[in-house]
Each structure stands twice: as structure tokens, then as C-alpha cells.
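# Structure at a glance
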Amino acid sequence: MTVVVEETQTKTQTKAVVPQSPQNALAPWHIRACAFAVDVLPGAALVTTMALVALTVSRHPVWWWVCVSVGGLAILLTLVNRLLLPTVIRWSLARALCGITVVRRDGEGIGVWGLLLRDLAHLLDTASVVGWLWPLWDSRRSTFADMLLHTEVRRVEPDQRLPNMRRWTAVAVLIAATLCLGGAAVSYAVVCHPDRASDQTRAQIAVQGPKIVAQMLTYDPKSLHDDFARAQSLATDKYRHKLADQQGIVQKGNPVINEYWVTDSSVESATPDRATMLLFMQGRRGAAPDERYISATVRVSFAKDGNDRWRVDDLTVLTKPKPPGNGK
């Protein structure tokens, strides 16, 4: 009787210490998908953002190098997280968060090169699409990469997991999101905002430019002093001295009525603070019976002063004043 009781107790104890079956230890598909997303998506989003920003700021070498450096660092950290950390602490950041680990089917760990080959093999899962869904019905819950490398993704008991993983994961995701927003802000500040400002410049110069030039070049001997003063107020400090010299030559001669109006114009270039415009002008010089009509083509550079007003910064005559038509 005693022997029977002892055998029964032994069987009960043996049954109690039977380890969990491998099937029950395998990680469910949704947990694996969550871990993969947390491991890969922040780095992928950051690399994509930096690549797009680098394309938009290609004309600004400093910002281009900043974007390339941040993108390269994101790739490096993603590889460290996916390949190096699992060989050092057993988990990547997201796998520790989700409580899963990648091992060989015999339970042995995987080295850096094995993890690298596994991630490369995931390209087959991506190409076929169905490879990512295969664990939903496979008895070993394996993707094509797992089949090729003979690996499994298993759950880890809660008491064996690393502490504070939610906090560290949140910090990593927050940093990636902040850098993405920072990249977008840089793109807007360096490219989009100046482009919008340049468009505003074009619109302003298209309206104000012809009026400014016509007023600058128009004068009447009866109000010569006031007309010249008005013309100088429309010029920048750089061009005002040159304009004053030209006005001095007119004053020393025999001034006659000089009136111009713009018949056509085109904005050649524009930045937030500068613009260049090509103007086709017609006008009249002198009074009857010596009055004659003239035409001219000029290229004018404009600059914005400290009060956000446009001023003529340079004026080059491309076609000197001449009678319209054939000149007869």
C-alpha cells in the first residue's frame, strides 16, 4: 500500500514539473506584428523623412549634411536594436516590450549574422506578402524567413522580462517623432517659406515695379527739383548716388519733359528681399512742336528696404530710347 502511494505521488510530481509545450510557448501573430512595427517603423519613418527633406534642401549643403547624418544614424540605431542588442541582452527594444524572443528551434540563441540573414530573408515575406501572414495558420507560427533560418519566436515569462520597457519604448518613439517633425520644420523654413515669400515678391513687383520705374524716369522742367527728389526716394542708397549723377547731367543741360509708361514687363527672378524685372517702355520727350515719342528696354533690380518697401537698386538700359516703329 505504501509503495502504491509513493508511486502515485511521484507521478503527480512528475506531471507538475512538465515544461510548457513548444506550441504554447510560440508567440501569437499579432504580438509579433506589434513588435516588428515598433522596432522598424520609427526608424523607417525617420529615414524616409530625412531623405525627402535632403532632396528639398539640396541647395543648402549644411542642412543636406544634417539630414544625411540623422538618416544614417537612424539606420545605424535600427540595426543595433535589431541585430546587436538581441545577442547582448536577448531582446530588441520592441521584443522586450512585447515579451518575445527569437531563438533557434532547439532553443539556442542566434548571433548577429543569423539575425541579419533572418531580416534579409524577410524580403521574401515582403515580396510574397503572404509570407508575413503565414504564421496565422502554420502549426509552428513561422514566416518564410523562420522556415529558411529554422528560427522561432517564443514568448517570455513576465518575471523574466526587462523592467521599464514601456518607458524606454515611449522615449525612442517620441525622439523619432520629434526628429520627423523637426525635419518637416526645416524643409518648410529653408525651402517652402522662402518659396512662398518669393511668390509674394513676384506678385508685389509685378504691380509696383512698373509704377516705381515710370515715376523715377518721369520729370518736368517746371517741377524738376521735386521730381528728382521723388526719384531719389525711390532708389536704394547704393543706386541713389548713381541716379544723382545722372540727374546732375540733365540739370546742366536743357531739360525738357520726359515721361515714361510701361507697356509690358516680366519678372526674371525673385527672392524674399530682391527681384529683377525686364520692362518694355514707351514715352514722350519734349513739348510740341518738338515733342517726339520714344521707346526703351531696361532691366531693373529691386531691393526691399528696412521698412519693407521696394526700391530700385540698379537700372540698366538694354535698348536706348529711340522713336517707336522705324524711327522716321
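Structure: see above.
My aim in this report is to walk through the structure given alongside it, one point at a time. (Residues numbered from 1 in each chain as written. Predicted model: local features only at pLDDT ≥ 70, side-chain atom pairs only at ≥ 80, totals over all residues. Heavy atoms only, no water.)

Moving on: the overall build of the protein. Check the secondary structure of the protein and you find 11 helices and six strands. Computed over C-alpha atoms, the radius of gyration of the protein comes to 39 Å, more than 25% over the 20 Å expected from 2.2 N^0.38 for 328 residues, which places it beyond the range of a compact globule. Nonlocal contacts in the protein, meaning residues at least 24 apart in sequence, comprise 62% of its contacts between residues at least 6 apart. Looking at the protein as shown, the accessible area adds up to about 19800 Å², and 62% of this sits on carbon and sulfur atoms. Between the averaged position of the 37 positive side-chain charges in the protein and that of its 29 negative side-chain charges there is a distance of 1 Å. (Helix = DSSP H or I, 4+ residues; strand = E, 2+ residues; numbered from the N terminus. Rg over C-alpha atoms; globule rule 2.2 N^0.38 Å. Contact = heavy atoms within 4.5 Å. Areas by Shrake-Rupley, 256 points an atom, 1.4 Å probe, with all protein chains shown as cover. Lys, Arg positive; Asp, Glu negative; His and termini not counted. Charge placed at Lys NZ, Arg CZ, Asp CG, Glu CD.)

Moving on: the packing of helix α3 (residues 29-56) against helix α9 (residues 165-217). Two numbers describe how α3 lies on α9: the axes approach to 9 Å, and their chain directions differ by 10°. Compared by their axis directions, α3 and α9 come out roughly parallel. The handedness of the crossing between α3 and α9 comes out as left-handed. Counted together, Val38, Pro42, Ala45, Leu46, Thr49, Met50, Val53 and Thr56 of α3 and Thr169, Val173, Ala176, Leu179, Cys180, Gly183, Ala184, Val186, Ser187 and Val191 of α9 form the full contact between these two elements. Classifying every residue of the contact of α3 with α9 by side-chain character gives 13 nonpolar, five polar and no charged. (Axes fitted to C-alpha atoms, helices over the stretch in contact; angles between N-to-C directions. Parallel < 35°, antiparallel > 145°, perpendicular 65-115°, else oblique. Left-handed = near helix turned anticlockwise from the far one by under 90°. Nonpolar A, V, L, I, M, F, W, Y, C, P; charged D, E, K, R; others polar.)

Below, the discussion takes up the packing of aromatic side chains. All told, the structure shown has five aromatic pairs when counted by the stated rule. Between Trp64 and Trp65, the ring centres sit 5.0 Å apart and the planes meet at 85°, which makes this aromatic pair edge-to-face. A centroid spacing of 5.4 Å and a plane angle of 70° characterise the contact between Trp134 and Trp137, whose relative ring orientation is edge-to-face. Take Trp134: its relative accessible area is 28%, and that puts it in the partly exposed class. (Phe/Tyr/Trp six-rings, centres within 6.5 Å; stacked < 30°, edge-to-face > 60°. Buried < 20%, exposed > 50% of the residue type's maximum accessible area, 1.4 Å probe, protein only.)

Counting across every chain of the model gives 16 salt bridges. Among the salt bridges present, the one from Asp313 reaches Arg274, with a minimum N-O distance of 2.7 Å. On the criterion of sequence distance, the pair formed by Asp313 in strand β6 (residues 310-322) and Arg274 in strand β4 (residues 274-285) is long-range, its members being 39 residues apart. Judged by relative accessible area, which is 40%, Arg274 ranks as partly exposed. Each of Arg32, Arg118 and Asp146 takes part in one network of salt bridges that share partners. (Salt bridge = Lys/Arg side-chain N within 4 Å of Asp/Glu carboxyl O.)

As judged from the 12 bridges shared by β4 and strand β5 (residues 292-304), these two strands associate in the antiparallel manner. Note on β5: the bridge partner recorded for Gly283 is Ile294. Taken together, β4 and the strand that follows it, β5, pair antiparallel across an intervening segment of six residues, in which Gly286 is found at a positive phi of about 90°. (Pairing = 2+ DSSP bridges.)

The subject of this paragraph is helix α10 (residues 224-233). Turning to α10, its buried residues are Leu224, Asp227, Phe228 and Ala231. Buried positions in α10, seen along its axis, are confined to an arc of 95° and lie on one side of it. Away from its buried face, by an angle of more than 90 degrees, α10 presents the exposed residues His225 and Asp226. (Arc of directions from axis to C-beta.)

In this section: the environment of Ala206. Checked against the element boundaries, Ala206 lands in helix α9. When its relative accessible area of 42% is taken as the criterion, Ala206 is described as partly exposed. Leave out the neighbours within four places in its chain, and Ala206 touches Val267 and Met277.

On to unusual backbone geometry. Even without being glycine, Val129 reaches a positive phi, approximately 65°. Checked against the element boundaries, Val129 lands in the loop between α6 (112-128) and α7 (130-133). Non-glycine residue Asn164 carries a positive phi angle of around 60°. Here Asn164 is to be found in the loop between β2 (151-155) and α9.

Attention now moves to the pairing of β4. Note that strand β3 (residues 258-270) and β4 share 11 bridges and pair antiparallel. Paired with Tyr260 across the strands is Gly283, a residue of β4. What sits between the antiparallel neighbours β3 and β4 is a turn of three residues.

Taking 1.5 Å as the rise per residue, α6 with 17 residues should run 24 Å; its terminal C-alpha atoms sit 25 Å apart, in good agreement. Among the residues of α6, those classed as buried are Gly114, Leu115, Arg118, Ala121, His122 and Asp125. An end-on view of α6 places all buried positions within 130° of arc, on one side of the element. The exposed set on the far side of α6, more than 90 degrees from its buried face, consists of Trp113, Leu123 and Ala127. Val129, located one to two residues past α6, shows a positive phi value of around 65°. (Expected span 1.5 Å × (residues − 1).)

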